[in-house]
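Understanding the architecture of this molecule
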Amino acid sequence: MQNPTHIQGVSIADLADEFGTPIYIYDGEKITHQVKTLQAAFSAVPLKIKYATKALSNISILKLIRKAGAGIDAVSIEEVKIGMMAGYSAQEIMYTPSGVAFEEIKEAVKLGVMINLDSIPLMEEFGQMYGGSVAACIRINPHIMAGGNLKISTGHKESKFGISIEQLAQILETVATYKLQIVGLHIHTGSDILDAEVFLQGGNVLFEAAMQFPDLKFLDFGGGFKVAYKPNDIATDVMEVGKKVGEAFHEFCKQYGRQLELWLEPGKFLVSESGYLLVKANVVKESPSVTFVGVDSGLNHLIRPMMYDAYHSLYNLSNPEGKKSIYNVVGYICETDTIASRRELVEVRAGDLLVIKNSGAYGYSMASNYNSRLRPAEILIWEGKAHLIRRGENFEDLIRNQEILDI
Ligand code: LLP
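Core analysis: the largest hydrophobic core is formed by 104 residues, its most contacted members being Phe42, Phe126, Ile138, Ile182, Leu185, Leu219 and Phe249. Among the elements that make up this core, the one with the highest residue count is helix H8 (residues 196–210) (nine residues). In terms of domain composition, this core takes at least three residues from each of domain 1 (6–24 + 274–399) and domain 2 (27–271). Sequence-distant contacts of Leu185, defined by excluding residues within four places in its chain, comprise Cys137, Ile138, Ile140, Leu206, Ala209, Ala210, Phe213, Leu216, Phe218, Leu219 and Asp220. Counting 16 residues, the second largest nonpolar core, distinct from the first, contains Leu15, Ile23, Ala377 and Ile379.

Given below as structure tokens:
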């Protein structure tokens with residue numbers, strides 16, 4: 001993994017001068033490259049990519065991903081609407097809710113997107129309202145433990161997501177009762193999945209269940225491809241997954257008697273490595289056992305280290321070749337706010353710019369105003385130029401919705 005000073009010829013340090021810090025920077029070429037890589041890996045099957053919008057939902061990024069040939073997976077009605085603003089047609093959008101109010105389902109049906117039913121009560125309510133007049137998909141929980149850690153594992157027995165594969169008989173009964181038109185089956189087993197076998201295992205669950213559904217048009221394998229976060233980290237070999245899953249899928253389609261589409265919902269794979277969170281060292285503080293670098297950002301902008309113990313590589317842009325020391329890089333939030341622990345960095349001085357890598361996925365999209373801090377700007381590097389795709393918040397933005405009582 002490299003430590004770039006420039007992205008598509010644009011100097012990162014110049015971006016700090018122009019837009020200040022902290023800022024999120026995205027490399028549009030990298031995103032397009034990732035879409036193409038996945039398309040190539042699955043070229044043997046009729047593939048549809050449904051980008052997991054939740055990873056990074058800036059409208060310009062969504063437009064870029066659409067231009068590269070993908071659709072989207074949305075998990076809230078707001079994501080559906082944002083997707084439509086970005087130019088996605090209803091047919092290009094899969095809506096995968098998790099225990100939402102039926103009102104939201106009705107709104108999504110009105111908008112014409114594909115609904116992914118995630119519980120038997122929802123199947124029943126859907127059936128009572130629409131019968132077989134609106135085609136839908138069913139999210140199955142395949143009972144597979146996969147993913148980087150428990151918080152991001154979603155396909156195991158104790159997970160709230162989907163309908164247990166053990167309840168298949170009940171699912172079929174509900175389909176029959178309401179004459180539901182089921183055109184897709186879906187699984188998503190987790191995030192940070194390294195092993196190609198997990199996708200095959202998931203596939204087998206889908207293939208077996210699919211034989212009971214005569215009207216299918218697609219099988220959706222979800223997302224979860226692992227990207228490299230650490231130097232020398234291993235990433236999912238998508239070529240291998242594409243080959244193995246592709247072959248198994250062909251076999252299945254022969255058995256099923258019809259060629260179906262294969263859908264994928266990558267988030268991290270498409271946008272994680274494209275993103276950099278650029279921050280500035282406010283202070284370098286020596287304590288008896290640790291040297292802290294306090295930066296002008298924190299868990300309000302990038303929560304992954306504190307929420308998942310996630311490792312994000314980072315480097316000192318301002319001092320690329322000095323002597324190295326061990327630091328704890330910490331945020332300015334009034335909580336334990338460790339971005340990187342015991343990390344070797346080239347000597348950091350107050351004012352130095354640090355670049356936090358892999359910040360594209362679940363960075364800005366999970367950012368908050370905690371500690372009444374402002375969310376940063378987002379910059380997209382596209383065709384060799386820097387574009388401000390979201391301005392940083394100001395104090396007005398922070399208090400905009402408050403109704404201040406006269407007391
Ligand atoms: N499809 C569904 C239905 C999902 O729930 C998710 C992610 C994805 C696709 C995309 O997964 P990916 O390809 O990005 O691994 N905030 C956590 C990850 C949570 C993912 C939740 N679901 C993190 O920062 O690691």
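Here we come to the pairing of strand S5 (residues 71–74). What you see with S5 is no split at all: Gly71 and Asp73 on one side and Ile72 and Ala74 on the other are buried throughout. Of the strand pairs in this sheet, strand S4 (residues 47–52) and S5 are connected by three bridges, and their pairing is parallel. When the bridges of S5 are listed, Tyr51 appears paired with Ile72. Assessed by its sense of winding, the connection that carries the chain from S4 through helix H3 (residues 59–67) to S5 is right-handed. The sheet contact formed by S5 and strand S6 (residues 93–95) spans three bridges and is parallel. Looking at the pairing, Ile72 lines up with Ile93 of S6. Remark: the S5/helix H4 (residues 77–85)/S6 crossover connection has right-handed handedness.

A few words on the packing of aromatic side chains. Under the counting rule described, the total for this entry stands at eleven aromatic pairs. Relative to Trp263, the ring of Phe218 lies with its centre 3.6 Å away and its plane at 5°, an arrangement referred to as stacked. One end of the pair, Phe218, is in strand S11 (residues 218–220); the other, Trp263, is in strand S12 (residues 261–264), with 45 residues separating them in the sequence. For the residue pair Phe218 and Trp263, the accessibility class agrees, reading buried in each case. Members of the aromatic cluster, each reached through a chain of ring pairs, are Phe207, Phe221, Phe249, Phe252 and Tyr256. Positioned above the aromatic ring of Tyr311 is the side chain of Arg343, whose terminal nitrogen or guanidinium carbon lies 3.7 Å from the ring centre.

Attention now goes to the pattern of salt bridges. Per the stated rule, a full pass over the model turns up 16 salt bridges. As a salt-bridge pair, Arg66 and Glu92 come within 3.0 Å of each other at their nearest N and O atoms. Placement of the pair is Arg66 in helix H3 and Glu92 in the loop between H4 and S6, with a sequence separation of 26 residues. Note on Arg66: relative accessible area 34%, which makes it partly exposed.

Before going further, it helps to spend a moment on the domain arrangement of the chain. Entries for the chain in the domain assignment read domain 1 (6–24 + 274–399) and domain 2 (27–271). Each of domain 1 and domain 2 was reduced to a C-alpha centroid, and the two centroids are 32 Å apart. Taken together, the contacts link 22 residues of domain 1 with 25 residues of domain 2. In total, domain 1 and domain 2 occlude about 2100 Å² of area from one another, counting both sides; carbon and sulfur atoms represent 56% of this. Where domain 1 packs against domain 2, one counts zero salt bridges. The interface formed by domain 1 and domain 2 includes eleven residue pairs in polar contact (both at pLDDT 80 or more). Counting only elements with at least two residues in the side of domain 1 that touches domain 2, the list comes to helix H11 (304–308), strand S19 (377–382) and strand S20 (385–390). In terms of residue count, S19 provides more of the side of domain 1 that touches domain 2 than any other element does, four residues in total. Here the residues of the side of domain 1 that touches domain 2 are counted per class, giving ten nonpolar, nine polar and three charged.

Okay, the pairing of S4 next. In terms of burial, S4 is a largely internal element, five of the six residues being buried. Note: S4 against S12, three bridges, orientation parallel. Following the sheet pairing, Leu47 is matched in S12 by Leu262.

The next subject is the site of the ligand. Every one of the 18 residues lining the ligand counts as a neighbour, but Ser191, Glu265, Lys268, Arg304 and Tyr362 are closest to it. At 2.6 Å, a side-chain N or O of Arg304 approaches an oxygen atom of the ligand. Between a nitrogen atom of the ligand and a side-chain N or O atom of Tyr308, the distance comes to 2.7 Å. About the coverage of the ligand: the protein hides 93% of its 580 Å² of free accessible area. For the shell around the ligand, the two domains that each supply at least three residues are domain 1 (6–24 + 274–399) and domain 2 (27–271).

In this section: the packing of helix H6 (residues 120–130) against helix H7 (residues 168–178). Interaxial distance between H6 and H7 falls to 9 Å at its minimum, and their mutual angle equals 10°. One finds that H6 runs roughly parallel with respect to H7. Only Gln170, Ile171, Thr174, Val175 and Tyr178 of H7 make contact with H6, whose side of the interface consists of Ile120, Met123, Glu124, Gly127 and Gln128. Residue classes in the contact of H6 with H7 are distributed as five nonpolar, four polar and one charged.

What counts and how
Residues numbered from 1 in each chain as written. Predicted model: local features only at pLDDT ≥ 70, side-chain atom pairs only at ≥ 80, totals over all residues. Heavy atoms only, no water. Core = buried A, V, L, I, M, F, W, Y, C linked by side-chain atoms within 4.5 Å. Buried < 20%, exposed > 50% of the residue type's maximum accessible area, 1.4 Å probe, protein only. Helix = DSSP H or I, 4+ residues; strand = E, 2+ residues; numbered from the N terminus. Domains from an automatic or database assignment. Contact = heavy atoms within 4.5 Å. Pairing = 2+ DSSP bridges. Right-handed = clockwise from strand over helix to strand, strands pointing away. Phe/Tyr/Trp six-rings, centres within 6.5 Å; stacked < 30°, edge-to-face > 60°. Lys NZ or Arg CZ within 6 Å of the ring centre and 35° of its normal. Salt bridge = Lys/Arg side-chain N within 4 Å of Asp/Glu carboxyl O. Buried area = accessible area lost by both parts, 1.4 Å probe. Polar contact = N/O pair within 3.5 Å; in protein donor to acceptor, adjacent residues only side chain to side chain. Nonpolar A, V, L, I, M, F, W, Y, C, P; charged D, E, K, R; others polar. Near = heavy atom within 4 Å. Areas by Shrake-Rupley, 256 points an atom, 1.4 Å probe, with all protein chains shown as cover. Axes fitted to C-alpha atoms, helices over the stretch in contact; angles between N-to-C directions. Parallel < 35°, antiparallel > 145°, perpendicular 65-115°, else oblique.

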